[in-house]
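Tertiary structure, described
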Amino acid sequence: MILEAVMLQVKSGMEAEYEEVFRKASPIIASMNGYVLHELQRCIEVQGKYLLLVKWERLEDHTIGFRQSPEYLEWKQLLHRFYDPFPAVEHFQKVGVSL
């Protein structure tokens, strides 16, 4: 399981529109092979700051399956206009930690 984590900064004054468009765009990513779940969280301290978390079965499900698909072009067209600066995407793997 891979966790994609993206810190997003939405342009000032566009937050409500962004959240509405994100809801409409969510079925796009949810329809992809290897997709597990996603959530969008709004920062309490910083206006316009969001955290997007997406779980994928494999890294390639995101980096190839989604990013190189026609669906990604639609996702990009809907959402990328809201970001300033453009976000960096990072991927994480769970660490087995015994207590």
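A few points on the structure. (Residues numbered from 1 in each chain as written. Predicted model: local features only at pLDDT ≥ 70, side-chain atom pairs only at ≥ 80, totals over all residues. Heavy atoms only, no water.)

Some remarks on the overall build of the protein chain
Each helix and strand in the protein chain was counted, giving three helices and four strands. Element order for the protein chain, N to C, with α for helix and β for strand: β-α-β-β-α-α-β. Its C-alpha radius of gyration of 14 Å places the protein chain within 12% of the 13 Å reference for a compact globule of 99 residues. Overall, the C-alpha framework of the protein chain stretches about 40 × 40 × 20 Å when taken along its three principal axes. For the protein chain, long-range pairs separated by at least 24 residues make up 71% of all intrachain contacts whose partners lie at least 6 apart in sequence. For the protein chain, the separation between the mean place of its 11 positive charges and that of its 14 negative charges on side chains is 1 Å. (Helix = DSSP H or I, 4+ residues; strand = E, 2+ residues; numbered from the N terminus. Rg over C-alpha atoms; globule rule 2.2 N^0.38 Å. Contact = heavy atoms within 4.5 Å. Lys, Arg positive; Asp, Glu negative; His and termini not counted. Charge placed at Lys NZ, Arg CZ, Asp CG, Glu CD.)

Considerations on the side chain of Ser-26
With respect to the element layout, Ser-26 can be found in helix α1 (residues 15–30). We classify Ser-26 as buried; its relative accessible area is 13%. Beyond its immediate stretch of four places on either side in the chain, Ser-26 contacts His-38 and Trp-75. (Buried < 20%, exposed > 50% of the residue type's maximum accessible area, 1.4 Å probe, protein only.)

A word on a nonpolar patch on the surface
On the surface, a nonpolar cluster with roughly 260 Å² of combined accessible area is contributed by Met-1, Val-36 and Leu-37. Along the polypeptide, Val-36 turns up in strand β2 (residues 35–42). (Patch = residues over 30% accessible without salt bridge, like charges linked within 9 Å, V, L, I, M, F, W, Y side chains within 5 Å. Areas by Shrake-Rupley, 256 points an atom, 1.4 Å probe, with all protein chains shown as cover. Salt bridge = Lys/Arg side-chain N within 4 Å of Asp/Glu carboxyl O.)

Notes on the sheet that holds strand β3 (residues 49–56)
Note: strands within a sheet are paired through backbone hydrogen bonds, in either parallel or antiparallel orientation. If you trace the four strands from one edge of the open sheet to the other, you get β2-β3-β1-β4, paired in antiparallel fashion. At either margin of the open sheet sits one strand with a lone partner, and together these are β2 and β4 (89–93). Looking at each pair of strands side by side, their axes are set apart by 20° on average, direction ignored. Those strands touched by α1 are β1 (2–9), β2 and β3, and its axis lies near 175° from that of β2. (Pairing = 2+ DSSP bridges. Axes fitted to C-alpha atoms, helices over the stretch in contact; angles between N-to-C directions.)

Thoughts on unusual backbone geometry
Cis geometry marks the peptide bond from Asp-84 to Pro-85; its omega dihedral reads 5°. Positionally, Pro-85 belongs in the loop between α3 (70–79) and β4.

Side note on the nonpolar core
Residues Tyr-18, Trp-56, Phe-66, Trp-75 and Leu-79 are the most contacted members of the largest nonpolar core, which totals 23 residues. Those elements that provide at least two residues to this core are β1, α1, β3 and α3. Per-element tally for this core: the top contributor is α1, with six residues. Apart from the residues within four sequence positions on either side, Trp-75 is in contact with Phe-22, Ala-25, Ser-26, Ile-28, Ile-29, Leu-52, Phe-66 and His-80. (Core = buried A, V, L, I, M, F, W, Y, C linked by side-chain atoms within 4.5 Å.)

Description of α3
Looking only at α3, the buried set comprises Tyr-72, Trp-75 and Leu-79. Projected onto a plane normal to the axis of α3, the buried residues spread over an arc of 60° and lie on a single side. Summarising the geometry of α3, the exposed residues directed more than 90 degrees from the buried face are Pro-70, Leu-73 and Gln-77. Lining the buried residues of α3 we find α1, β3 and α2 (59–66). (Arc of directions from axis to C-beta.)

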